[in-house]
Amino acid sequence: MTRDRRGTRARVQLAAVAVAVLFLVIGVLGFVPGITTGYDDLTFAGHTSEARLLGLFQISVLHNALHLLFGLAGLVLARRIAGARIFLAGGGALYLGLCLYGLYVKFAGTEHGGANFIPLNGADNLLHLLLGLGMLALGLLLSNRMGTGGRLDNPIDRP
């Protein structure tokens, strides 16, 4: 990880690691019977999976695998400040898009059709909205120099 002069990591990197670990934990918990209700109804993909993480969030093997891959990507990207920003801001935008997709699936009447391949339900949509907003805010607002009195940017036309 990139460290500043005092040997501490940038806050954006720490936030990226925390979010990445959260995704890894969510991905693993999706495979734990008891934490995942209806575990026997867990399918690889699609709306037919009746398994629910914490009894709320409709999941599938694909859904859990995506959480695990996203968490691993976050850990790799968090090694550098720019990567941490990309993971948080880009991932936040991705999750906002996933929320919009989930709303489309719900309101287009295809919630029980092939378009709902991840699968997504109302609780997932709300969680994706909150994750998207939170990650986007962390990626855009956390700065390595914030609060130090230093500049937040280094424009190319100024030293």
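Residues numbered from 1 in each chain as written. Predicted model: local features only at pLDDT ≥ 70, side-chain atom pairs only at ≥ 80, totals over all residues. Heavy atoms only, no water.

A. Focus on the sheet that holds strand E1 (residues 36-37). The three strands are arranged E1-E2-E3 in an open sheet whose pairing can be described as antiparallel. Each end of this open sheet is capped by a strand with a single partner; those strands are E1 and strand E3 (57-58). With two bridges connecting them, E1 and strand E2 (residues 52-53) associate as antiparallel partners. When the sheet's bridge partners are listed, Thr36 is paired in E2 with Leu53. (Pairing = 2+ DSSP bridges. Helix = DSSP H or I, 4+ residues; strand = E, 2+ residues; numbered from the N terminus.)

B. Broad picture of helix H1 (residues 11-29). Compared with an ideal rise of 1.5 Å per residue, which puts 19 residues at 27 Å, H1 spans 27 Å between its outermost C-alpha atoms and is within 8% of the ideal. If you check which residues of H1 are buried, you get Val12, Gln13, Ala15, Ala16, Val19, Ala20, Phe23, Leu24, Ile26 and Gly27. (Expected span 1.5 Å × (residues − 1). Buried < 20%, exposed > 50% of the residue type's maximum accessible area, 1.4 Å probe, protein only.)

C. Structural context of the side chain of His128. Mapped onto the secondary structure, His128 falls in helix H4 (residues 122-141). Setting aside residues up to four positions removed in sequence, His128 forms contacts with His63, Tyr95, Leu96, Leu98, Cys99 and Leu120. (Contact = heavy atoms within 4.5 Å.)

D. Focus on the nonpolar core. Residues Phe23, Phe87 and Leu88 are the most contacted members of the largest nonpolar core, which totals 19 residues. Contributing elements (two or more residues each) for this core: H1, helix H3 (81-107) and H4. Here this core gets six residues from one element, more than from any other, and that element is H1. With residues near it in sequence (within four places) discarded, Phe87 still touches Ala16, Val19, Ala20, Phe70, Gly74, Leu77, Gly92 and Met135. Core analysis: the next-biggest nonpolar cluster, separate from the first, contains six residues, Ile26, Leu42, Phe57 and Ile59 among them. (Core = buried A, V, L, I, M, F, W, Y, C linked by side-chain atoms within 4.5 Å.)

E. Local environment of H4. Between its first and last C-alpha, H4 extends 28 Å over 20 residues, near the 28 Å set by a 1.5 Å rise per residue. Those residues of H4 lying buried are Asp124, Asn125, His128, Leu131, Gly132, Met135 and Gly139. Axial view of H4: buried residues confined to an arc of 130 degrees, hence all on one face. The outward face of H4, more than 90 degrees from its buried face, is lined by the exposed residues Leu130 and Leu141. As for H4, its buried residues are in contact with H1, E3, helix H2 (61-77) and H3. (Arc of directions from axis to C-beta.)

F. Structural context of the packing of aromatic side chains. All chains considered together, the criterion is met by four aromatic pairs. When the ring of Phe23 is compared with that of Tyr95, the centres are 5.3 Å apart and the planes differ by 45 degrees; the resulting orientation is tilted. One end of the pair, Phe23, is in helix H1; the other, Tyr95, is in helix H3, with 72 residues separating them in the sequence. For the pair shown, Phe23 and Tyr95 are each scored as buried. (Phe/Tyr/Trp six-rings, centres within 6.5 Å; stacked < 30°, edge-to-face > 60°.)

G. Structural view of the confidence of the model for the protein. Per-residue confidence for the protein gives a mean pLDDT of 82; residues scoring 70 or more make up 78%. Confidence, read as mean pLDDT per element, is least for E3 in the protein (85) and greatest for H1 (95). When the criterion is pLDDT under 50, residues 146-150 qualifies, and its contacts beyond four places in sequence or with other chains add up to four contacts. (pLDDT = per-residue confidence, 0-100.)

H. Here's a closer look at the packing of H2 against H3. Running from N to C, H2 and H3 point in directions that differ by 150 degrees, and their axes come no closer than 8 Å. In terms of their interaxial angle, H2 and H3 are classed as roughly antiparallel. For the pair formed by H2 and H3, the contact residues are His67, Phe70, Gly74 and Leu77 on the first element and Gly83, Ala84, Phe87, Gly91, Leu94 and Tyr95 on the second. Here the residues of the contact of H2 with H3 sort into six nonpolar, four polar and no charged. (Axes fitted to C-alpha atoms, helices over the stretch in contact; angles between N-to-C directions. Parallel < 35°, antiparallel > 145°, perpendicular 65-115°, else oblique. Nonpolar A, V, L, I, M, F, W, Y, C, P; charged D, E, K, R; others polar.)

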